[in-house]
Structure formats: C-alpha cells, structure tokens
Amino acid sequence: MEASKKEIEGDSDNVPKALVTGCAGFIGSTLTDRLLADGFEVIGIDRFSDYYARELKEQNLAAAMQHPRFTLIEEDIVEMDAFPVVDYVFHLAAQAGVRASWGRSFDIYTRDNIQATQRLLDFYATDATASPRLKRFVYSSSSSVYGDIELPMREDRMVQPVSPYGVSKLAAEHLCYLYRKNFCVPTVSLRYFTVYGPRQRPDMGINKFVRAIQKGDPITIYGDGTQTRDFTYIDDAVEANVAAALAAPLSGKPAYLGETFNIGGGNRISVRDLIAAIEGATGKTARIEYADEQKGDVQDTWAAAAKAEQGLGWSAKVRIHEGLRRYVAWIDGGL
Ligand SMILES: NC(=O)c1ccc[n+]([C@@H]2O[C@H](COP(=O)([O-])OP(=O)(O)OC[C@H]3O[C@@H](n4cnc5c(N)ncnc54)[C@H](O)[C@@H]3O)[C@@H](O)[C@H]2O)c1
C-alpha cells in the first residue's frame, strides 16, 4: 500500500501525532490502542511478516482499524523512502525470537532489526520537515542484549549477547545512540524483559504454556526449569513507552536522550514456578516434558529497576499472578 501525501507530510492541527512501527504486532498493537485512547493520531506501519499468522495480527489491529484517528501503512520499512511527519516515533517493528535467529535466518534479523532502524533514524535525522518536529524516538530493545551477565542486569554494565537476535537488537541500540550524538535525534531505548499478556506472540512461552495446559496437552521445558525470567505485563511495557515519550524528565532537561532503560516487571521467577502459577490461574495441572537447553537462551534475566524509576518515573505495576489471571481471562474470552 502506498503512503498518501497527507500521511507523509502530516497536518497542522494540534492533535499529537505518533508513528508506531510494528503496529500489528503484540506490543505495537496494544500501544496503538493506548495512544488512540489517549487522543493521539496514530499512523502505523507494518509489513505483516510471516513469522506468525497474519490473521492474528489482523485481530490485534481490529479495533484500531475502526478508529477515525488511525491510518495503516502496510509497507516494509526497508523499502520506504519517506516516513510520516510526527511528534513521536515508537519503533517496535522487528523480527523477534531468539531461537529462530541462527543460520540463514539471520538475514531477516539484520534486515528487519538493523537496516530498518537505520532507515528510520536516518530519515528523522535529515528530513527538513520531519526532523524539527520530532520530539521523541522510542526504540524497543530487549534484555537479550545482556547475555549471561551478573545479576541484576544493570544498564551501565558491559553487554555480551548470546544470540544473533540479541546482537541485532544491540546494533540497533547503538544506531539510536549514534544518531542522537551526531544528529540530535531524540532517541530513548527501552530494554524489555519478557513481555506477556493479551495478544502475546504464539512462539512465546506463557502463550504456549497456558494454551497447552488448558487443553491438557504436554508442555516442553528446555533445560531443567530452574532458569529465571523477569516477566513484564503488557500494560507496563506500553506505559513505559508513554513515559519515555511524554514524562517530564525529573531533572527538567531531557537528560535521558540517547540512553537505554531496563523495562522489567519486577517478577523474576523460575520457569518451574511460572508453570505452577499458571496451574493456579487455570485450575489445571501441567503435563511437563523436558528437552535439552536451547542455544541462545540465557540462564537468568533480572532487571535492575532504579534507572527507569529515576530517569523516566516508570516502574512496573502488575504482579505476575495478577497478570496471569488477566491473561487467562482474555484467552477464556475466546482469543
Ligand atoms: N515480546 C517481548 O517479550 C519482547 C521482549 C524484548 C523486546 N521486544 C521487542 O519489542 C518489539 C515488538 O515485539 P513483539 O513481541 O510485539 O513482536 P511482533 O512480532 O508481534 O511484532 C513485530 C511486528 O513488526 C513487523 N515488522 C517486522 N519487520 C518489519 C519491517 N521491516 N517493516 C514493517 N514492519 C515490520 C512484523 O510484521 C510484526 O507485526 C520488537 O522490536 C521486539 O524485538 C519484545
């Protein structure tokens, strides 16, 4: 679908205008709904990649598509020459998934995660109309950039990703930094720690576990189940984007531009304890099968929370048992 002249140039009313890339995905669609509810005009870009079913992405976008302040541009960022003139860019488009990032598939990761980010940053750095209007460029990074480092994971520690996916997300983070430094693009990078909740991608653990346990199917745990994750509820991840874009910096100056922040739910639990919590939420018993550890998976993730609290005024609100209860209720609602 070609972007129209109005979409690219923007218009002059006072409604805040946002671009959400990856708007049909799990987090992007939820952020889109939130911004629309908050009164934004939202332009979404998504290429409906085949990583998972298009039908799920269309369901994600169903409400937004009915909204008068939403416009969808179905395009591949890498193929676009110009992007909408907006106040805020929320860049979520990416090829996600750690385990699929090996071998020839890495080409997709370098394209969708690194090249696409560079295209966007370069446009907002240099376009004479878009550049002055842009107030914030919020990039969705990942805890996968850390690798197996000392816990809790702090933003100022050396990072050493252990998956090709993590490398691609880190490269894009570096691009955000260097476009900030050289061209003053107002970037902020958010390192999400395993996001879950309604619309979660079908390849992700909690989605697979809840659906299998409800059906009585076996679930596979890779490794011995002692590995831990700091789970983050979707509404908290969305709120972090809004905070990164809008929150008045505590110092009175946007000192956080060019910086990275952990977005972790404060819900670090082992995979075994997670299964027990899902059993509690569903009222059903899991049938567990164990398999070898997967290459690229880290043993633990745990976000140090202080920097996001101090820099963005953001902290996670939803505890894991409450988040699972909401997620199970959403699935029980037929989705
Ligand atoms: N879900 C998590 O737990 C998690 C954790 C850490 C980081 N992240 C990051 O958050 C972001 C969103 O993740 P998600 O789970 O919602 O993924 P998702 O796969 O549901 O959504 C990503 C969307 O981006 C689109 N896309 C990919 N490449 C594109 C391109 N070149 N042009 C246009 N659209 C393109 C896809 O079609 C997809 O709809 C990603 O950047 C991901 O790396 C997610």
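Calculation rules
Residues numbered from 1 in each chain as written. Predicted model: local features only at pLDDT ≥ 70, side-chain atom pairs only at ≥ 80, totals over all residues. Helix = DSSP H or I, 4+ residues; strand = E, 2+ residues; numbered from the N terminus. Buried ≥ 20, exposed ≤ 12 C-beta atoms within 10 Å, placed from the backbone. Contact = placed C-beta atoms within 7 Å. Pairing = 2+ DSSP bridges. Axes fitted to C-alpha atoms, helices over the stretch in contact; angles between N-to-C directions. Near = placed C-beta within 6 Å. pLDDT = per-residue confidence, 0-100. Right-handed = clockwise from strand over helix to strand, strands pointing away. Arc of directions from axis to C-beta. Expected span 1.5 Å × (residues − 1). Parallel < 35°, antiparallel > 145°, perpendicular 65-115°, else oblique. Left-handed = near helix turned anticlockwise from the far one by under 90°. Nonpolar A, V, L, I, M, F, W, Y, C, P; charged D, E, K, R; others polar.

Focus on the overall build of the protein chain
Point 1. Check the secondary structure of the protein chain and you find 11 helices and 13 strands.
Point 2. Structurally, the protein chain occupies a C-alpha span of about 60 × 45 × 40 Å along its principal axes.
Point 3. In the protein chain, which comprises 335 residues, the proportion classed as buried is 46%.
Point 4. Here the contacts in the protein chain between residues at least 6 apart in sequence split such that 82% fall between residues at least 24 apart.

Some details on the sheet that holds strand β3 (residues 70-74)
Point 1. Taken together, the seven strands give an open sheet; going across it, the order is β3-β2-β1-β4-β5-β6-β11, and neighbouring strands pair in parallel fashion. In this open sheet, the two edge strands, each paired with only one partner strand, are β3 and β11 (259-263). Averaged over all adjacent pairs, the angle separating strand axes in this sheet is 20°, with direction ignored.
Point 2. Of the strands in this sheet, β4 (88-91) and β5 (136-142) are in contact with helix α4 (residues 106-126), which crosses β4 at around 170°.

A look at the site of the ligand
Point 1. As a structural note, the neighbourhood of the ligand is formed by 30 residues, with Gly22, Gly25, Phe26, Ala94 and Ser142 the closest of them.
Point 2. Listing elements by their share of the shell around the ligand, those giving two or more residues are α2 (26-37), β2 (41-46), α4 and β5.
Point 3. Here the element with the most residues in the shell around the ligand is α2; it accounts for three residues.

As for the confidence of the model for the protein chain
Do not read the fine detail of predicted coordinates wherever pLDDT is low.
Point 1. Of the residues in the protein chain, 93% reach a pLDDT of 70 or more, and the chain-wide mean stands at 93.
Point 2. Mean pLDDT values for the elements of the protein chain range from 43 in helix α1 (residues 5-9) up to 99 in strand β1 (residues 17-21).
Point 3. Low pLDDT, under 50, characterises residues 1-10; the stretch is placed with 20 contacts to residues that sit more than four places away or in other chains.

Side note on the pairing of β5
Point 1. Counting buried positions along β5 yields seven of seven residues, so the element is predominantly enclosed.
Point 2. Of the two faces of β5, the one lined by Arg136, Val138, Ser140 and Ser142 and the one lined by Phe137, Tyr139 and Ser141 are each fully buried.
Point 3. Pairing between β5 and strand β6 (residues 187-192): six bridges, direction parallel. Opposite Ser141, over in β6, you have Arg191 as the bridge partner.
Point 4. Handedness of the crossover is the feature at issue here: the chain leaves β5, passes through helix α6 (residues 164-183), returns alongside β6, and the resulting connection is right-handed.

A short note on helix α7 (residues 205-215)
Point 1. Every buried residue of α7 is accounted for by Gly205, Ile206, Phe209, Val210 and Ile213. With its buried residues spanning 115° around the axis, α7 presents them on a single face.
Point 2. In this structure, the buried residues of α7 make contact with β7 (195-196), β8 (218-222), α9 (271-282) and α11 (320-332).

Some points on the environment of Tyr256
Point 1. Inspection of the secondary structure puts Tyr256 in the loop between α8 (234-246) and β11.
Point 2. Between the C-alpha atoms of Tyr256 and Ala240, which are 16 residues apart in sequence, the distance is 13 Å.

Examining α8
Point 1. In a regular helix each residue adds 1.5 Å, so 13 residues correspond to 18 Å; α8 covers 18 Å between its end C-alpha atoms and thus fits that length.
Point 2. Most of α8 sits inside the fold, with 11 of its 13 residues counted as buried.
Point 3. Of all the positions in α8, only Ile234, Asp236, Ala237, Val238, Glu239, Ala240, Asn241, Val242, Ala243, Ala244 and Ala245 are classed as buried.

Details of the environment of Glu309
Point 1. Note on placement: Glu309 falls in helix α10 (residues 306-312).
Point 2. The spatial distance from the C-alpha of Glu309 to the C-alpha of Asn262 is 9.6 Å, given a sequence separation of 47 residues.
Point 3. Those residues within four positions of Glu309 in sequence are excluded, and the remaining contacts are Trp314 and Ser315.

Concerning the packing of α9 against α11
Point 1. Across the interface, α9 lies against α11 with an axial gap of 9 Å and an inter-helix angle of 50°. Put simply, α9 runs oblique to α11. For the element pair α9 and α11, the recorded crossing hand is right-handed. Taken together, the residues of α11 that come into contact with α9 (itself represented by Ala277, Ile278, Ala281 and Thr282) are Ile320, His321, Leu324, Arg325 and Val328.
Point 2. Looking at the contact of α9 with α11 residue by residue, the classes come out as six nonpolar, two polar and one charged.

Re unusual backbone geometry
Point 1. Each neighbour pair has its own omega, and for Leu151 with Pro152 the value is -10°, a cis peptide bond.
Point 2. Positionally, Pro152 belongs in the loop between β5 and α6.
Point 3. One non-glycine residue, Phe48, adopts positive backbone phi at about 50°.
Point 4. Relative to the helices and strands, Phe48 is located in the loop between β2 and α3 (54-65).

Concerning the packing of α7 against α9
Point 1. Here α7 crosses α9 at 50°, and the two axes come no closer than 10 Å. For the element pair α7 / α9, the angle class is oblique. α9 is crossed by α7, and the crossing has right-handed handedness. Here Phe209, Val210, Ile213 and Gln214 of α7 lie close against α9, whose contacting residues are Ile275, Ile278, Glu279 and Thr282.
Point 2. Grouping the constituent residues of the contact of α7 with α9 by class yields five nonpolar, two polar and one charged.

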